[in-house]
Amino acid sequence: QGGKVMVTNHAKIDVTGQRGESLGVRERQIHLVLEQMRRDLSSARLFKPIPLEGRYDQVSFCSLVPVTYRRENEQFEIRELGRVTYLFSPAQRFLGRSGCSYRFVRRTSVRDGCRPVLEGLEGVRFSYYKLDEQGGTGSWSSSWDEEDLGLPLAVKIELSYRDDPKEPSKSQTVIVPLPAGGSAP
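Criteria and cut-off values
Residues numbered from 1 in each chain as written. Predicted model: local features only at pLDDT ≥ 70, side-chain atom pairs only at ≥ 80, totals over all residues. Heavy atoms only, no water. Helix = DSSP H or I, 4+ residues; strand = E, 2+ residues; numbered from the N terminus. Pairing = 2+ DSSP bridges. Core = buried A, V, L, I, M, F, W, Y, C linked by side-chain atoms within 4.5 Å. Buried < 20%, exposed > 50% of the residue type's maximum accessible area, 1.4 Å probe, protein only. Salt bridge = Lys/Arg side-chain N within 4 Å of Asp/Glu carboxyl O.

Draft legend 1. Seen up close, unusual backbone geometry. Phi at E72 takes a positive value of approximately 55°, unusual for a residue other than glycine. Mapped onto the elements of the fold, E72 is located in the loop between strand 3 (58-71) and strand 4 (74-89). For R93, which is not glycine, the phi torsion reads 55° and is therefore positive. Among the secondary structure elements, R93 is positioned in the loop between strand 4 and strand 5 (94-101).

Draft legend 2. The sheet that holds strand 3, seen in detail. Read from one edge of the open sheet, 6 strands run 6-5-4-3-2-9, paired in antiparallel fashion. Here the strands that pair on one side only, and so sit at the sheet edges, are strand 6 (115-119) and strand 9 (144-145). Here strand 5 pairs with strand 6 via 4 bridges, running antiparallel. Bridge assignment links F94 to a residue of strand 6, and that residue is E119.

Draft legend 3. Molecular detail of the nonpolar core. Within the largest apolar cluster, 29 residues are counted, with the highest numbers of intra-cluster contacts made by L95, F126 and I157. Tallying contributions element by element places helix 1 (residues 25-42) first for this core, with 5 residues.

Draft legend 4. Structural view of the pairing of strand 3. Inspection of the sheet shows strand 2 (residues 53-54) paired to strand 3 by 2 bridges, in the antiparallel sense. Within strand 3, the position partnered with G54 by the bridge is V59. Linking strand 2 to strand 3, which pair antiparallel, is a turn of 3 residues. With antiparallel pairing between neighbouring strands as the criterion, strand 3 and strand 4 make up a hairpin whose turn holds 2 residues, including E72 at a positive phi of roughly 55°.

Draft legend 5. Focus on the pattern of salt bridges. The full count for this structure, using the stated rule, is 7 salt bridges. In this structure, the salt-bridge partner of E35 is R38, at a minimum N-O distance of 2.7 Å. A residue pair is termed a helical-turn pair when its members lie 3 or 4 positions apart in one helix, as E35 and R38 do in helix 1 at 3 residues. Note that R162 and E122 form a salt bridge whose closest N and O atoms lie 2.6 Å from each other. Of this pair, R162 sits in the loop between strand 10 (154-161) and strand 11 (170-177) while E122 sits in strand 7 (residues 121-131), and the two are 40 residues apart along the sequence. E122 sits in the partly exposed class, given a relative accessible area of 34%. Three or more residues are tied together by salt bridges with common partners; here these are E27, D163 and K170.

Structure, rendered in structure tokens:
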């Protein structure tokens, strides 16, 4: 159905379609958002005040977030630990992102500061990969609680969208390995 699976770690994602044609504006936009999500998830860390909490329609985790400081007449930005959240709103058909410094996590909800990064989506689904108890085989789960499980080994992001209502749905799937994944809580 026009989709492709991209497995990313630090490799570049191919920006051509199935038959090698250049991607359109919509596909490039989706590619850029998936790349940002890959970067955010790749820097996920175990940090007790901000556990990774995942559901099929949202994921929230500790990562580096930009924070702007002002001193006198100067303004500068640094990156510090904070909570990053991606969530899908089926009613409004958008994928939103929010980020806040660890210092404000207790005072803000995951929806505070959430801004749309992709609109007009039919669906977004998150899955979380873990090994079984013996460490031999793994499985995907539609929910995750870091406090019980540590970090997952990978997060799968599935987006579905339609360029034209008369055309079939398109989808893109990205599997993001978490370098710190598999760590015990």
